[in-house]
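Residue-level listing of the chains:
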Amino acid sequence: MSAVDQSRRRSGATMPRAGTRPTSRDVARAAGVSQAAVSLVLGDKWRGRVAEATAERVREAARTLGYRPNLAARNLRLGRTRTVLLVVPALTTEFFAGVYTGAARVASRHGFGVVLYPSPEGIGPARDPFASAQAALDGVIASSMAAEALTAIRGDQLPLVMLDSDPSGSVGAATVNLDIAGGVRQVTEHLLALGHRRFLHLAADVASWTFEVRARELAARLREVPGASLRTARAPLSIKGAEVSAEAALSGLPAPDRPTAVVCDDDHLAAGTYKAARRLGLRVPEDLSVTGLDDLALASAIDPELTTVRLDAELFGERGMEALLAVLEGRAPAAGDIPVELVVRGSTGPA
């Protein structure tokens, strides 16, 4: 006989009638505890207040009876919706899909749902999807690339976690960042070790802190290297835009002045650079080494496969959601940037 059966026999509790939904009172009777103890255990707040054996007895009773908490009633009582908004640029890459997957995974473990809100224009203002965001949401996680959308939805008036955002100037209660600066340093050191000294930075034409970090770190490292030179060209975040910008930056230069390495702000820009190099009769990597940043599926689909920096999008989303939960509970979020990894493939070679 199980502990629940023994407790039910001692208390005289009976199973709920067929067709009726079991209540927390039924669970309490079956487990031989108070309703307060049931609330503590099923709300995962029992540690230090309820014995572990008692907590397991409550969980077993809930499983046996098929009890599920009435989340709608609990949320109404607590003034919570248990809904979080994830604000990202338009879903043009799988990176932000990965961020959503990670955030939703952590949210589901804590009884939260995540609503994905891509800015319709990609970057910039967007219409409010709610009559009142403050009434409909418990908090917001937002990419710095879609920060302007927060004004439209009044998301900056809610508990807010910013992703890829300047910690010293963030409007959020917490920031979660990838170690983008470290990734750029790994790329630069790799290319310098291959003998490259003439660099082109194909920079995303987007006003965002995460892209400012890329430019700053690359320039700072190359200033330390005697004989190193750096040109910069800006491009829209698209393969076609990158092709046009890269071709303009590389054409018309004599071989002794032409960059031998192109550092791209993301993998799409690198793919556009491949196309520009081909149009100019330049071989990758024999004449031109190219690097990206993201490690999207695209990176291993192009030929030669792209040397790039792997960003763990799902972990990024997980850490963002964990930080928001900490803010909602009055705790300090985990500190430290998320590590990134240089993945060396066939697009880089000796100068």
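- Going by an unreviewed UniProt entry, the protein carries the name LacI-family transcriptional regulator and comes from Streptomyces griseoflavus Tu4000.

1. Looking at the overall build of the protein
Thought 1: Scanning the protein for helices and strands turns up 13 helices and 11 strands.
Thought 2: Expressed as a percentage of contacts within the protein between residues at least 6 apart in sequence, the contacts between residues at least 24 apart total 70%.

2. Some words on the environment of Leu194
Thought 1: Mapped onto the elements, Leu194 comes out in the loop between helix H9 (180-193) and strand E6 (198-204).
Thought 2: Given a relative accessible area of 26%, Leu194 falls into the partly exposed group.
Thought 3: Along the chain, Leu194 and Pro350 lie 156 residues apart, while their C-alpha atoms are 4.7 Å from each other.
Thought 4: The contacts of Leu194, once residues within four sequence positions are left out, are Thr348, Gly349, Pro350 and Ala351.

3. Section: the packing of helix H11 (residues 239-250) against helix H12 (residues 267-279)
Helix-helix packing is characterised by the crossing angle of the two axes and by the distance between the axes.
Thought 1: Closest axis-to-axis distance for the H11/H12 pair is 7 Å, and the angle between their directions is 50°. By the angle between their directions, the pair H11 and H12 is classed as oblique. When you trace H11 past H12, the crossing you get is right-handed. Listed contacts from H12 to Ile239, Ala242, Glu243, Ala246 and Glu247 of H11 are His268, Leu269, Ala271, Gly272, Thr273, Lys275, Ala276 and Arg279.

4. With respect to the side chain of Arg214
Thought 1: Relative to the helices and strands, Arg214 is located in helix H10 (residues 209-223).
Thought 2: Buried and unpaired, Arg214 has no salt bridge, with Asp265 as the nearest side chain of opposite charge at 4.1 Å.
Thought 3: Polar contacts involving the side chain of Arg214 include one to the main-chain carbonyl oxygen of Asp265, which spans 3.2 Å.
Thought 4: Excluding anything up to four places from it in sequence, Arg214 contacts Ile180, Val184, His201, Asp265 and Leu293.

5. What to know about the nonpolar core
Thought 1: One finds Phe95, Val99, Leu163, Leu178, Leu311, Phe316 and Met321 to be the most contacted residues of the largest nonpolar core, which totals 45 residues.
Thought 2: Of all the secondary structure elements, the ones that give two or more residues to this core are strand E1 (83-88), helix H6 (94-109), strand E4 (160-163), strand E5 (174-176), H9, H10, strand E8 (261-264) and helix H13 (313-328).
Thought 3: When residues in this core are grouped by element, the largest group, seven residues, is from H13.
Thought 4: The residues that make up this core include at least three from each of domain 2 (80-177 + 315-329) and domain 3 (180-310).
Thought 5: In contact with Leu163, not counting residues within four places along its chain, are Leu86, Val99, Ile141, Ala142, Ser143, Ser144, Val176, Asn177, Phe316 and Gly320.
Thought 6: Membership of the second largest hydrophobic core comes to 24 residues, among which are Leu202, Ala242, Leu250 and Ala299.

6. Things to note about the confidence of the model for the protein
Thought 1: For the protein, per-residue confidence averages 85 on the pLDDT scale, and 81% of positions sit at 70 or higher.
Thought 2: Here residues 75-79 is a poorly scored stretch, pLDDT under 50, and it has three contacts once near neighbours within four places are set aside; other chains count.

7. Thoughts on the pairing of E6
Thought 1: The buried fraction of E6 is high, at six of seven residues.
Thought 2: The pairing of E6 with E8 spans four bridges and is classified as parallel. Directly across from Phe199, in E8, lies its bridge partner Ala261.

8. Brief notes about the sheet that holds E8
Thought 1: Sheet architecture is open: four strands sit in the order E7-E6-E8-E9, paired in parallel fashion. The sheet is open, and its two borders are formed by strand E7 (229-235) and strand E9 (289-291), each paired with just one other strand. This sheet shows a mean twist of 20° between the axes of neighbouring strands, independent of strand direction.
Thought 2: Across three bridges, E8 lies against E9 in parallel orientation. In the sheet register, Ala261 faces E9, and the bridge partner there is Ser289.
Thought 3: Here H10 sits on the sheet in contact with E6, E7 and E8, set at roughly 170° to E6.

9. Some remarks on H11
Thought 1: The end-to-end C-alpha separation of H11 is 16 Å, in line with the 16 Å expected for 12 residues at 1.5 Å each.
Thought 2: Of all the residues in H11, the buried ones are Gly241, Ala242, Glu243, Ser245, Ala246 and Leu250.
Thought 3: Each element contacted by the buried residues of H11 is listed here: E6, E7 and H12.
Thought 4: Immediately downstream of H11, the backbone of Gly252 shows phi near 75°, a positive value.

Definitions and cut-offs
Residue indices begin from 1 for each chain and proceed along its sequence in written order. The model is predicted, so local features are restricted to residues of pLDDT at least 70 and side-chain atom pairs to those at 80 or more, both for listing and for counting; the totals for chains, interfaces and linings are taken over all residues. Values shown for side chains rest on all heavy atoms present in the structure; no hydrogens or waters enter the calculation. Numbering goes from the N terminus for both helices and strands, where a helix is a DSSP run of H or I of at least four residues and a strand is a run of E of at least two. The contact rule is simple, with two residues in contact once any of their heavy atoms fall within 4.5 Å. The buried label applies to any residue whose accessible area, calculated with a 1.4 Å probe on protein chains only, is under 20% of its type's maximum; exposed applies above 50%, and partly exposed to all values in between. For helices, the axis comes from a line fit to the C-alpha atoms of the stretch in contact; other axes are also lines fit to C-alpha atoms, and the angle between any two N-to-C directions lies between 0 and 180 degrees. Relative orientations are named as follows: roughly parallel for angles under 35 degrees, roughly antiparallel for angles over 145 degrees, roughly perpendicular for angles from 65 to 115 degrees, and oblique for any other angle. Helix crossings get a hand from a simple test, with the near helix turned counterclockwise from the far one by less than a right angle marking a left-handed crossing and a clockwise turn marking a right-handed one. Under this rule, positive means Lys or Arg and negative means Asp or Glu; His and the chain ends count for nothing. Whenever Lys or Arg places a side-chain nitrogen within 4 Å of a carboxyl oxygen from Asp or Glu, that contact is recorded as a salt bridge. Polar contact is the term for a pair of N or O atoms within 3.5 Å; when the atoms are in protein, one must be able to donate a hydrogen and the other to accept it, and sequence-neighboring residues count only if both atoms are side-chain atoms. The definition of a nonpolar core used throughout is a set of buried Ala, Val, Leu, Ile, Met, Phe, Trp, Tyr and Cys residues joined through side-chain atoms within 4.5 Å. For the domains described, the bounds stem from an automatic or database domain assignment. The score called pLDDT rates the predictor's confidence residue by residue, from a low of 0 to a high of 100. A pair of strands counts as paired when DSSP detects no fewer than two bridges linking them. One less than the number of residues in a helix, times 1.5 Å, gives the span that helix is expected to have.

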